[in-house]
Amino acid sequence: MLQLLDAGKSLNEICRDLHMSKRTVHNYKQRAGSSGIPLSKLRRLDDVQLNQLLQPPSSVPQPDERKEELDKELEHYLTELKKPYVSMLLLWEEYREEYPNGYQYTQFKKYLKEYKKRKELSYHNVYVPGEEMQIDYAGDKLYIRDKSSGAWVEVVVLCCVMPYSSKAFAMGAYDATQENLFHCLSRCMTYFGRVPRVAKSDNMVQWVKHGSQYERPFTESTDEWANHYDIIPDITRVRKPKDKAPVESLVDQVYKYVYARLRNTIFYSLDELNRAIFALMDEYNTRPMQVKRVSRDVLYFQDEYPVMHELPDHPYMFRYRKNITLAPDYHVIVGKEQHKYSVPYQYVGQPVAVLWDMDTIEIYSGLERIAVHKRSFVKYGYTTEDGHMPPNHLAYKRSKEMNADDYR
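With that out of the way, let us pick up the overall build of the chain. Counting its secondary structure elements, the chain contains 15 helices and 13 strands. For 408 residues, the compact-globule estimate of 2.2 N^0.38 gives 22 Å, and the C-alpha radius of gyration of the chain, at 34 Å, exceeds that figure by more than 25%. Dimensions of the chain along its principal axes, counting C-alpha atoms only, are 120 × 55 × 55 Å. Buried residues in the chain amount to 38% of all 408 residues. Relative to all contacts within the chain whose residues are 6 or more apart in sequence, the contacts with residues 24 or more apart total 60%. For the chain, the computed accessible surface area is about 24900 Å², with 51% contributed by carbon and sulfur atoms. A gap of 7 Å separates the mean positions of the 58 positive and 57 negative side-chain charges of the chain.

Following this line, the structure appears as structure tokens:
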């Protein structure tokens, strides 16, 4: 503008060329003239000097006694806010008791939040390709419907992410017990196709043993799973969610990308639900990211997959074992679902060993496997093979199944 004024251009020409209003150009021209400095010299001044000459002095706000009082207490309020159960509303009530003429709640909350932002600085973590996988459970549940009763059954969702590429995995389970946690983690390793160096979780009881500070902090199951995959288990600091910020962010993305898309669909089995989740996660991983302009899969297979180590020959299976004496009903009870599985009736009264994982139930007499079943999660149900039943029971069962047409 100064250059055009110095060249003798009219206000209309300057406004047209610089897309400025006449009022703005006129005001600046007046201030330049009142400075007493020729336009040729004004043009050579730096921005700071020009600002002092051409910008009108800003009005200095009058000091507010309430603000000065609040500023003295902000550090104390921020410390109190970090304590359990303390809310901003409670702090404001205490503030008004001490300063009856102080700010209302909205202003108090505004200044405290601004102070908190200035004080709590964030450290930017840099992640090495293929180095770390982060693990967390989503706080909200999904649901499946029981066909027989029509009741809704809760499903927890485990989320895993490779922070460098943001490649993600999610899977539902009936609960967050160790058998379900490590079953989902083994499925995650199979999904990724290779194994990172470190697996990091928060201090969940399935992962961490809350015992003596002198003992190894991880549960026996965590160590077994980690040894199987040659992976180093790790934990975050207590109440430090930013230690695993990528997986916290993934949980929010799963809510938006998976939960939202499945909100109107009814599923009648966990396998059916997980198939839908896996399909959506495949879609999520292949979509280009807004900032990086490439997909998570592209980054993962380009930079992370080559530096990760190979999977073992078979996935880890968390197995339970119990030794019992076979009861007269020749069935064994397995799992939290209390489902019963048949054993050949000849072994009634004899000691048998029951081993089970998420897929299979095996029953042994000594070293001989005498029965094997696919696991069922139907609560209090029965899985019975005809060959395990005594002849009279089998005859009775068949008679119950026959009708008039069979007899004819």
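We now examine the sheet that holds strand β13 (residues 382-383). The three strands lie next to each other as β8-β9-β13, forming an open sheet whose pairing is mixed. Either end of the sheet is taken by a strand with one partner, and the two such strands are β8 (331-334) and β13. Pairing between strand β9 (residues 339-342) and β13: two bridges, direction parallel. Within β13, the residue paired with Lys340 across the bridge is Tyr382.

We now examine the side chain of Thr222. Along the polypeptide, Thr222 turns up in helix α10 (residues 220-229). Of the residues examined, Thr222 reaches a relative accessible area of 0% and is grouped as buried. Looking at Thr222, its side chain comes within polar contact range of the main-chain oxygen of Trp207, at 3.0 Å. With residues up to four places along the chain from it excluded, the contact list for Thr222 reads Phe182, Gln206, Trp207 and Pro233.

Reading the values: rules and limits
- Residues numbered from 1 in each chain as written.
- Predicted model: local features only at pLDDT ≥ 70, side-chain atom pairs only at ≥ 80, totals over all residues.
- Heavy atoms only, no water.
- Helix = DSSP H or I, 4+ residues; strand = E, 2+ residues; numbered from the N terminus.
- Rg over C-alpha atoms; globule rule 2.2 N^0.38 Å.
- Buried < 20%, exposed > 50% of the residue type's maximum accessible area, 1.4 Å probe, protein only.
- Contact = heavy atoms within 4.5 Å.
- Areas by Shrake-Rupley, 256 points an atom, 1.4 Å probe, with all protein chains shown as cover.
- Lys, Arg positive; Asp, Glu negative; His and termini not counted.
- Charge placed at Lys NZ, Arg CZ, Asp CG, Glu CD.
- Pairing = 2+ DSSP bridges.
- Polar contact = N/O pair within 3.5 Å; in protein donor to acceptor, adjacent residues only side chain to side chain.

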